[in-house]
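What follows is each chain in one-letter form.
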Protein chains: 2
Amino acid sequence: MELNDRKMKILQAIISSYFDTAEPVGSRTISKNYDLGISPATIRNEMSDLEELGFIVQPHTSSGRIPSDKGYRLYVDILLENQKAQIKKIALLEDLVQKADRIESLLQDIGKMLAKETHYATMISTPQYKSSKIKNIQLICLEPTKLLVVVVTDGNTIKNYMINIKEGIEQNILNRLTFILNEHLYGLTVEQINLPLIQSIQKYAEANFEVITKVLDVVCQTMQSTDDTDIYTSGTTNILKFPEFSNINKAMELIDTLEEKSALKTLLYSMTGNEDGKIKIKIGEEIEVAEMKECSIITTSYCIGGEMVGVIGIIGPKRMDYMNTISSLKYLINSMEKKLLKGDKGS
Amino acid sequence: MELNDRKMKILQAIISSYFDTAEPVGSRTISKNYDLGISPATIRNEMSDLEELGFIVQPHTSSGRIPSDKGYRLYVDILLENQKAQIKKIALLEDLVQKADRIESLLQDIGKMLAKETHYATMISTPQYKSSKIKNIQLICLEPTKLLVVVVTDGNTIKNYMINIKEGIEQNILNRLTFILNEHLYGLTVEQINLPLIQSIQKYAEANFEVITKVLDVVCQTMQSTDDTDIYTSGTTNILKFPEFSNINKAMELIDTLEEKSALKTLLYSMTGNEDGKIKIKIGEEIEVAEMKECSIITTSYCIGGEMVGVIGIIGPKRMDYMNTISSLKYLINSMEKKLLKGDKGS
DNA sequence: GTTAGCACTCTCTTCTAACGAGTGCTAACG
DNA sequence: CGTTAGCACTCGTTAGAAGAGAGTGCTAAC
């Protein structure tokens, strides 16, 4: 039995109707609401076939049909193929990117906005700093034995660390050290800071050996730790609005999972292979996390300065509005990368 | 009719039992579970009196009683009076305060932890910078026409701003400007930066008039705007676990309110009068926000460097565990202020 | 190949009756 | 006179039954 054009149309009708109502779809509903020019009885026959092919399922005998994971998969694959979809503009975004001063809060705001726009829950990971390059380091004396280290990387991400030192140090010496550090470290990734380089810097630092060592230490440590990538979730309560989660315990399990950042981290990164910028979708059972098997996840990666660094994901019910959501996501990524590449985040 | 000792004991038993079960409490339950040495019938008579006095109410005829707002108020007032309560230690806190690098993320973590500890929702406001003093300003050149301004205030709160300038500027000139700025602004609050002072600084800056003006502008603006104080909420989904919010719509309304930061801001600051460090409690109808009239809120303010700057609040059902919650909160504030006063936030 | 008709299935809603927890009142008790 | 046992009454909750409604699969006719 092959999947002819008419069966496909019926499948789409089922998906569409189920998206609207979250109720199993019957043959009469399709015949009435979708102009296919065939009677309910015919549709019933076709539906029987579609079920045999595994694209739809019946929750119980004598109920309507709902799309199966396989059905959604087919639908989504076709959708992704013909994706010249008009990209949906998100009005608020421009404002947002304009006024953000730190990338972390920008990401949080983007997540919030995307959740508001799509009415689903969103997850967004902070950039992985492993491959980002040092742009500037500055040492500032706060108290006699307390230094502030400011590190700026490309993409203008700013990190502040405070370190305590044993002996006081004057600002003009710090300025010299700052100069030495920038001289040696500009443009380097954290992997490129190796022992010979460190020794060379230490030589220049002379008497301020302790300070330089501590600074290098703290910079390396924080920049290379993967644990440092955080995940911001937003709109998790949107989940409560979906009838598929009217069982409050299921909903809470899911929300709890979304707060469990470490699980999300694995999930998000498992979804972004080596292809950048592509939209990836997982549907139902395809998701490894047990609590999410009633959901679908749409993800994509975003770049800062050309390198793949972070992931954005949208999680909703399986009957989610794939088309609009993908389109919003694409638009978002586009505007975001344009902005971040320019690094134009100040006033 | 006066509120004698036995009535008080019964009220406490009702509150205690209702805390455990969230079910109206009957006379037999009290007689069985609380060793008062009186029969259900006697308890019924006393309860009838307590109801007349307004301390308990009946959800409907022939059901048990639940405490009224007035009943909780009495209970809480007595609780606050005899507060030598053993302070409950929160194990995780020490760790948290140790490794935090920015006050914002520290506050977020504290909120999370407190939510986890108490199983209620928490709100925590970022410090109000109005009265905090400038400790250090640093200008860093990132790109020819892009500067990074780092401002450190007492309490070691660090703020970063990026500004764009028209003409390029060299780092050694920036160093001079940095020196001038620190020379003039050290120890000042934002209110103390007046026109004569600005003009005096501008004079020193000579050719770099534009830069200095922009820097001063951005520093003043961000430090004095009250809008800058943010509120972090945490554990909002804990609300779903309480039977009083089994009506999912009510729960969602409340959660939405908790995400509406501006309303929370008013609420939190309305609760902290001019007395520092005291625990304040609002119960049910005492809360101005309509969606929260089924809740109680416990707040207190926290200090950095001796001045009142922020507020922490815990929101739960009216039958919340006031004693433990207050005790956790007190312990938290204690440890936090000790840490922040020392400003020991780096490694 | 398509469609009308019909018996059948299964869920959801509605209605009723029974149950149970709890009260208030009255009368008896120490 | 305070305390207690007994009892009728209230009201919310639960369980079960009946009926409605949506939808299917099959058969036979077009």
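All values reported here derive from a predicted model rather than from experimental measurement.

Caption draft 1: Quick peek at the protein's contact with DNA strand D. Close contacts around DNA strand D come from 20 residues, with A:S27, A:R65, B:R6, B:T42 and B:S62 the closest. Sugar plus phosphate: this is where 78% of the atoms of DNA strand D within 4 Å of the protein reside. Between DNA strand D and A:R65, the relevant distance is 3.0 Å, taken from a phosphate oxygen to a side-chain nitrogen or oxygen of the residue. B:T42 places a side-chain nitrogen or oxygen 2.4 Å from a phosphate oxygen of DNA strand D. Mapped onto the surface near DNA strand D, the elements with two or more residues apiece are α2 (27-33) and α3 (40-53) of chain A together with α3 (40-53) of chain B. With four residues, the top contributor of residues to the surface near DNA strand D is α3(B). Its residues assigned to classes, the surface near DNA strand D shows three nonpolar, 13 polar and four charged.

Caption draft 2: Expanded view of the interface of chain B and chain A. In this complex, chain B contributes 36 residues to the contact, which on the side of chain A involves 36 residues. Here chain B meets chain A over a buried area of about 3200 Å², counting both sides, of which 56% is carbon and sulfur. Of all residues in chain B, B:N160, B:M162 and B:L240 bury the most surface against chain A, accounting for 17% of the area lost on that side. The tally of links between chain B and chain A comes to two salt bridges. Salt-bridge contacts for A:E143 lead to B:K135; the nearest nitrogen and oxygen are separated by 2.7 Å.

Caption draft 3: Molecular detail of the relation of the copies chain B and chain A. Overlaying chain B on chain A yields an RMSD of 0.2 Å, the required transformation being a rotation through 179° with an accompanying axial translation of 0.1 Å. Taken together, the turn and the small shift mark the pair as related by a two-fold rotation axis. A shared interface surface links the copies, since 100% of the contact residues of chain B are contact residues in chain A too.

Caption draft 4: Geometry of the pairing of strand β3 (residues 121-125) of chain A. All names here are of chain A. For β3, the tally of buried residues reaches five of five residues, placing the bulk of the element in the interior. Where β3 meets strand β7 (residues 231-234), four bridges bridge the pair, whose relative direction is antiparallel. Within the sheet, the bridge partner assigned to T122 lies in β7 and is S234.

Caption draft 5: Representation of helix α6 (residues 103-118) of chain A. For α6(A), built from 16 residues, the straight-helix expectation of 22 Å at 1.5 Å per residue is met to within 8% by its first-to-last C-alpha distance of 22 Å. Positive backbone phi, at 65°, marks A:H119, one or two positions downstream of α6(A).

Caption draft 6: View of the sheet that holds strand β5 (residues 146-153) of chain A. Residues and elements named next belong to chain A. Read from one edge of the open sheet, three strands run β4-β5-β6, paired in antiparallel fashion. Two strands in the sheet have a free side with no partner beyond their single neighbour: β4 (134-143) and β6 (157-164). Neighbour to neighbour, the strand axes of the sheet diverge by 20° on average, direction disregarded. In this structure, β4 lies alongside β5, joined through eight bridges in antiparallel fashion.

Caption draft 7: Geometry of the environment of A:A205. Residue and element names in this part refer to chain A. Within the element layout of this structure, A205 appears in helix α8 (residues 195-205). Linking A205 and R176, residues 29 residues apart in sequence, is a C-alpha distance of 8.7 Å. Discounting residues that sit within four places of it in the chain, A205 has contacts with L177 and I212.

Caption draft 8: Here's a closer look at a negative patch on the surface. All names here are of chain A. Among the surface-exposed residues, E253, D256, E259, E260 and E291 lie close enough to one another that they form a single negatively charged patch. With respect to the secondary-structure elements, D256 resides in helix α10 (residues 248-259). In this structure D256 comes out as partly exposed when scored by relative accessible area, which is 36%.

Caption draft 9: Representation of the nonpolar core. Of all hydrophobic cores here, the largest spans 135 residues; its most connected members are A:M292, A:I312, A:I315, A:Y322, B:M292, B:I312 and B:Y322. Filtering out sequence-adjacent residues up to four positions away, A:I312 remains in contact with A:L114, A:M123, A:I124, A:I298, A:T299, A:T300, A:Y302, A:L329, A:L332, A:I333 and A:M336.

Caption draft 10: Quick look at the environment of B:I165. Of note, B:I165 is situated in the loop between β6 (157-164) and α7 (171-185). Contacts of B:I165, omitting those with residues within four sequence positions, involve B:P144, B:T145, B:L147, B:E210, B:V211 and B:K214.

Caption draft 11: A look at the packing of aromatic side chains. Residue and element names in this part refer to chain A. Applying the stated criterion across every chain, the model contains six aromatic pairs over all chains. Arranged with centres 6.3 Å apart and planes meeting at 65°, the rings of Y75 and Y322 form a pair that is edge-to-face. Of this pair, Y75 sits in helix α4 (residues 69-81) while Y322 sits in helix α12 (residues 322-342), placing them 247 residues apart in sequence. Of the residues examined, Y75 reaches a relative accessible area of 17% and is grouped as buried.

Caption draft 12: Here's a closer look at the protein's contact with DNA strand C. Around DNA strand C, a shell composed of 20 residues is seen, among which A:R6, A:S39, A:T42, A:S62 and B:S27 lie nearest. Between a base oxygen of DNA strand C and a side-chain N or O atom of A:S62, the distance comes to 2.5 Å. In the environment of DNA strand C, a phosphate oxygen lies 2.8 Å from a nitrogen or oxygen atom belonging to the side chain of B:S27. At the level of elements, α3 of chain A together with α2 (27-33) and α3 of chain B are the ones that each hand at least two residues to the surface near DNA strand C. For the surface near DNA strand C, the element with the most residues is α3(A), which contributes four residues. Split by residue class, the surface near DNA strand C holds three nonpolar, 13 polar and four charged.

Parameters at a glance
- Residues numbered from 1 in each chain as written.
- Chains lettered and ligands numbered in written order.
- Predicted model: local features only at pLDDT ≥ 70, side-chain atom pairs only at ≥ 80, totals over all residues.
- Heavy atoms only, no water.
- Near = heavy atom within 4 Å.
- Polar contact = N/O pair within 3.5 Å; in protein donor to acceptor, adjacent residues only side chain to side chain.
- Helix = DSSP H or I, 4+ residues; strand = E, 2+ residues; numbered from the N terminus.
- Nonpolar A, V, L, I, M, F, W, Y, C, P; charged D, E, K, R; others polar.
- Contact = heavy atoms within 4.5 Å.
- Buried area = accessible area lost by both parts, 1.4 Å probe.
- Salt bridge = Lys/Arg side-chain N within 4 Å of Asp/Glu carboxyl O.
- Least-squares fit on C-alpha atoms with pLDDT ≥ 70 in both.
- Buried < 20%, exposed > 50% of the residue type's maximum accessible area, 1.4 Å probe, protein only.
- Pairing = 2+ DSSP bridges.
- Expected span 1.5 Å × (residues − 1).
- Axes fitted to C-alpha atoms, helices over the stretch in contact; angles between N-to-C directions.
- Patch = residues over 30% accessible without salt bridge, like charges linked within 9 Å, V, L, I, M, F, W, Y side chains within 5 Å.
- Areas by Shrake-Rupley, 256 points an atom, 1.4 Å probe, with all protein chains shown as cover.
- Lys, Arg positive; Asp, Glu negative; His and termini not counted.
- Charge placed at Lys NZ, Arg CZ, Asp CG, Glu CD.
- Core = buried A, V, L, I, M, F, W, Y, C linked by side-chain atoms within 4.5 Å.
- Phe/Tyr/Trp six-rings, centres within 6.5 Å; stacked < 30°, edge-to-face > 60°.

Fair warning: the whole summary comes from geometry, so function is off the table for now.
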